[in-house]
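Fold and contact review
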Amino acid sequence: MNPDRTQHGGEYRRGDELMTAARPAPSASEPASKDGARLLPASRYRHPGDVIRLIAGGLVLIVTLAAAAVAPSRLVGTGAASVTWLGSDFAARLLVGLVQVAIVVAAFLVVAAGLRFRRFRLLAGLAAGAVVAGAALAGILYLVGGKHPDAVAANVAGDSWLTSAAFPGPALLASAVAVTVAASPWLSRPWRRTAWIALFAVGAARLLAGTVLPMELILALATGVTVGAGVLVVLGVPDRRMGPDGIAAALRSAGLPVSVVTPADVAAKGSRPFFAVTDDGRRLFIKVLGSDQRDADLLYRAYRFARLRNVGDTRPAASLIQAVEHQALVTLMAERAGVHSPRVDQVIKAADGTALLAMERIDGCSLEQLPAHRISDSLLRRLWAEVDRMHRAGIAHRSLRAANVMVDNDGQPWLTDFGFSELAATQRQKDLDLAELMASLATQVGAGAAVASAAAVLGGRGLAPAVPLLQPLALSAATRHSIARHEGLLAATRSAAAEASGGGTPQLARLQRVRPRTLLTIAAAAGAFYLILPQLAQVGSSWRAFQSADWAWVPVIIAMSVLTYLASAASLIGGVPGRVPYWPTVLAQWASSFINRISPANVGGMALNARFLQKSGVEPAAGVAAVGVNALVGAIAHLALIVIFFVWAGQALGQAFKLPSASKLLLILAVLAALVGIVLATRPGRRFAATRLLKGIRTAGASLRRVAASPAKLALLLGGSALVTLAYIGGLAASIQAFGGGLGIAEIGAVYLGAAAIAAASPTPGGLGAIEAALIAGLTGVGLGAGAAVSAVLTYRLATYWLPVAPGWYALRLLQRGDYI
């Protein structure tokens, strides 16, 4: 059976987009899926909580590694602080000796217990985790560490009861942490508590004895937790979840007498399904949810929050039982609204925290399992009528696919699995329901029948908002994978829905928060130019350079950065014929800077400004023209300032920018002119020049003439554009002064303007990487030392590029709340 197809609606909590490790496998009393049977024994399953611990441990490890890489001497080297509180060699030797004995005894007990209970697979996993954790930490300390401080080196070099005081070192402590994490699921709660207390006592004793550094302990803990959680994700944990007997006992204790409870012969991902029969013969469907489903739900929501936006997701419930109670409440409200949904019998909380939801069992099969020839137009229209009734009651299903629709023996569709539903649903949440169901039905009956049945019930206007959501990101993983197997089916469904709604070619809604390719580009460029460049210049890291700055100049750099946003707002207002509020425009510039961090060539910021002007009452065409004029005037101001500063700086720029000779420049210009002539000689080239270039120039010229009719607007436009560039020059000059200065404002301005022009051709957001390299090359060319140049540029970029990210994000949120965009 397809694991995505389940009776009683699939019982799906939108967790199928997570990795396999985040999906609990069936217990020994349940039918195992093919994947689970192949990868793990029946007595084990993968707990999503281990994935959360793996991610959390990895993040802590990355942050700790970054800190150690930034300041190695202060954290893991000779300049690191060590604990010397004991003040007694005898006490230190006693602590070290006790720790050594405890470590040896603990290792012996672990091996003996594993052999005694014949847990050979567990022992192998623990040994592998210990080796990997120890080797990983040893490699980390080798790469980032140096010599210990004299006090620690002297303590480690001493003798102890069993061997030297260096035992157990940080690598062995990381191994012990990994073993403790990986063995915890097999231990009772008292033994788990004892193991962790003993482990922390060992770490504290080593720290107090002055034989390990605090950063080494943190690295050992982070490495051990990460590796131990990884072992559990790979090898699984023992399945101690409630079985049929425990479920029957919990139902009886809650006053629901059942005679038999059996595992449902279906695969379920958001819950564990069971069938039950009461003493009076009623047949029930039981959904069993434990901590694994809760953790999987949290993982899935976190994944969607990080990747998607505007998809109507809400915060998770405060607890597992509240989530189940919410599901029961939504099901009851749907039933009260006349929607055919299973009757909720009871919500039960077992003694171990497991939540049970007892519902009426529907005799039939899911719509996904129904053969295509049995899916009639009448059935589809009845289904859409149920959906319309549910939406009129203010309920959004949030997982409305064919697997979550039951068709009983009389052919009546029933909506099931309200585990991800919302009562006070927004229109976007309802539209997502429509898109999900249309795409899911299209895989069974085709795009035409799926859309036609929806339009017959909801009408064209009812379908229109869902058309832009007929895209892969808006669909659940099961529907997305299913429709992907039919090439072109999603596009055909979208076209059919657009035609039925009476609209033209739809523009897809933007749902992706950040493109992975953009993140990779930013990370690669930032890593290359913030880590490699300082080493090439033989200076410390960017953080140490920032620490060595004269702090009196740092507020000046930040003030110059703030001035650029004030000037940019004035320039934008100057390009608009009407009145636009100033301070919201300033917020728009902050928000645009944030958008430009993840979009190349400032296209994201320009689009946001155009939207802001439109919402501020400016005609759409005028708003777009104003943004274009602002960009054009900014380029003109930049070119004018280049001429001024280059002439002012004079011959000093000869070393900063190595220009070709006059003959070579003429040759380059001739080649460029020839290429332009060849392009214009072709029909596509002439068409491009006529439809794009000339039209854009005429539009910009007309807008510029309208602005020029008002001297005040023209002054704002020109003055703001020039002030933006001059403020950036002032920020760079202040940064150079923070590291000793030595250059005049003419040279600094010329270097900045030249570097900015070069970086404009870079495809990275904000010229990331290119402008740093050009600025450093230009500053060293006009006589600034390499170390001072790198430090000044990195400090300048930290203050003007990276520091405004958080205010820019907050400004974007304020604009959204104020309905300015």
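Residues numbered from 1 in each chain as written. Predicted model: local features only at pLDDT ≥ 70, side-chain atom pairs only at ≥ 80, totals over all residues. Heavy atoms only, no water.

So, about the overall build of the protein chain. Helix and strand counts for the protein chain stand at 31 helices and ten strands. Across the protein chain, every contact between residues at least 6 apart in sequence was considered, and the portion connecting residues at least 24 apart equals 76%. Accessible surface computed for the protein chain: about 38100 Å², of which carbon and sulfur atoms make up 64%. (Helix = DSSP H or I, 4+ residues; strand = E, 2+ residues; numbered from the N terminus. Contact = heavy atoms within 4.5 Å. Areas by Shrake-Rupley, 256 points an atom, 1.4 Å probe, with all protein chains shown as cover.)

Let us now look at the nonpolar core. Grouped together as the largest cluster of nonpolar side chains are 47 residues, with contacts concentrated most on L367 and M438. Breaking this core down by element, the ones donating at least two residues are α12 (320-336), α13 (377-392), β9 (405-408), α14 (427-445), α15 (447-463) and α17 (489-501). With sequence-adjacent residues up to four places away left out, M438 is seen in contact with W384, A450, V451, A454, L463, A466, L470, T493 and A497. Membership of the second largest hydrophobic core comes to 33 residues, among which are A649, I736, L794 and Y796. (Core = buried A, V, L, I, M, F, W, Y, C linked by side-chain atoms within 4.5 Å. Buried < 20%, exposed > 50% of the residue type's maximum accessible area, 1.4 Å probe, protein only.)

Now for unusual backbone geometry. Residues other than glycine predominantly adopt negative phi, and peptide bonds predominantly adopt the trans conformation. The backbone phi angle of R118 is positive, close to 55 degrees, even though this residue is not glycine. As for its placement among the helices and strands, R118 is situated in the loop between α4 (89-116) and α5 (120-144). The class of R118 is exposed, set by a relative accessible area of 62%. Of note, the phi angle at D417 is positive, near 60 degrees, even though the residue is not glycine. Residue placement: D417 occurs in the loop between β10 (413-415) and α14. Look at D417 and you get buried, because its relative accessible area is 5%.

In space, the three strands of this open sheet follow the order β8-β9-β10, with antiparallel pairing throughout. The two strands at the open ends of the sheet, each matched to only one other strand, are β8 (364-366) and β10. Averaged over all pairs of adjacent strands, the angle between strand axes in this sheet comes to 30 degrees, irrespective of strand direction. The pairing of β9 with β10 spans three bridges and is classified as antiparallel. Bridge pairing in β10 links V405 to L415. Across the face of the sheet, α13 comes into contact with β9 and β10 while running at roughly 30 degrees to β10. (Pairing = 2+ DSSP bridges. Axes fitted to C-alpha atoms, helices over the stretch in contact; angles between N-to-C directions.)

Among the secondary structure elements, G169 is positioned in the loop between α6 (150-157) and α7 (170-183). A relative accessible area of 17% places G169 in the buried class. Sequence separation between G169 and G134 is 35 residues, and the spatial gap between their C-alpha atoms is 9.6 Å.

The tally for this structure, following the rule as stated, stands at 14 salt bridges. A salt bridge links R241 to D239; the nearest nitrogen and oxygen atoms lie 3.0 Å apart. Of the two residues examined, R241 and D239, each falls in the buried class. In this structure, D345 and R282 form a salt bridge, with 2.6 Å as the shortest nitrogen-oxygen distance. Within this pair, whereas D345 is found in strand β6 (residues 344-349), its partner R282 is found in the loop between β4 (272-278) and β5 (283-289), the two being separated by 63 residues in sequence. Given a relative accessible area of 25%, D345 falls into the partly exposed group. In this structure, a network of salt bridges that share partners links the residues D239, R241 and D292. (Salt bridge = Lys/Arg side-chain N within 4 Å of Asp/Glu carboxyl O.)

Moving on, we come to helix α28 (residues 745-759). Along its 15 residues, α28 runs 21 Å from first to last C-alpha, staying within 8% of the 21 Å computed at 1.5 Å per residue. The element α28 is largely enclosed, with a buried count of twelve among its 15 residues. For α28, the set of buried residues is A746, E747, I748, G749, A750, V751, Y752, L753, G754, A755, A756 and A759. (Expected span 1.5 Å × (residues − 1).)

Moving on, we come to the packing of aromatic side chains. In total, this model carries ten aromatic pairs according to the counting rule given. Between Y728 and Y752 the ring centres are 6.2 Å apart and the planes differ by 25 degrees, which places this aromatic pair in the stacked class. Of the two residues, Y728 sits in helix α27 (residues 711-738) while Y752 sits in helix α28, which places them 24 residues apart along the sequence. Take Y728: its relative accessible area is 22%, and that puts it in the partly exposed class. Judged by centre distance (4.9 Å) and plane angle (85 degrees), the ring pair of Y801 and W802 falls under edge-to-face. Overall, W802 belongs to the partly exposed group, its relative accessible area being 29%. Taken together, the aromatic side chains of Y300, Y303 and F420 make up a single cluster linked through ring pairs. (Phe/Tyr/Trp six-rings, centres within 6.5 Å; stacked < 30°, edge-to-face > 60°.)

Our focus in this paragraph is the packing of helix α29 (residues 770-781) against helix α30 (residues 786-802). One way to put it is that α29 packs onto α30 with a least axis distance of 9 Å and a crossing angle of 145 degrees. The hand of the α29/α30 crossing is right-handed. Side by side, α29 and α30 meet where I771, E772, L775, I776, L779 and T780 of the first sit next to A786, A789, V790, V793, Y796 and R797 of the second. Taken together, the residues of the contact of α29 with α30 sort by class into nine nonpolar, one polar and two charged. (Left-handed = near helix turned anticlockwise from the far one by under 90°. Nonpolar A, V, L, I, M, F, W, Y, C, P; charged D, E, K, R; others polar.)

Strand order across the open sheet formed by five strands is β3-β4-β5-β7-β6, with antiparallel pairing between neighbours. Whereas interior strands pair on both sides, the edge strands pair on one side only; in this sheet they are β3 (258-263) and β6. Across the sheet, the axes of successive neighbouring strands diverge by a mean angle of 25 degrees, strand direction being ignored. Bridge analysis of β5 against strand β7 (residues 355-360) gives six bridges, and the strand direction is antiparallel. Across the sheet, residue L289 finds its bridge partner in β7, namely A355. Packing against the sheet, α12 makes contact with β5, β6 and β7, and its axis sits at approximately 175 degrees to β6.

Moving on: the side chain of T493. With respect to the helices, strands and loops of the structure, T493 is situated in helix α17. What makes T493 buried here is its relative accessible area of 0%. Dropping the residues within four chain positions of it, T493 is found in contact with M438, A442, A447, V451 and L470.

Take N609: it is sitting in helix α22 (residues 603-615). As for N609 and G623, which are separated by 14 residues in sequence, their C-alpha atoms are 8.1 Å apart. The contact partners of N609, leaving out residues within four places of it in the chain, are L572, A588, Q589, S592 and V627. Among the polar contacts listed, one links the side chain of N609 to the side chain of Q589, at a separation of 3.1 Å. (Polar contact = N/O pair within 3.5 Å; in protein donor to acceptor, adjacent residues only side chain to side chain.)

On to a nonpolar patch on the surface. A surface patch of nonpolar side chains, amounting to about 370 Å² of accessible area, comprises V101, V105, F108 and L109. For F108, the position within the fold is in helix α4. On the accessibility criterion, F108 (59% relative accessible area) is exposed. (Patch = residues over 30% accessible without salt bridge, like charges linked within 9 Å, V, L, I, M, F, W, Y side chains within 5 Å.)

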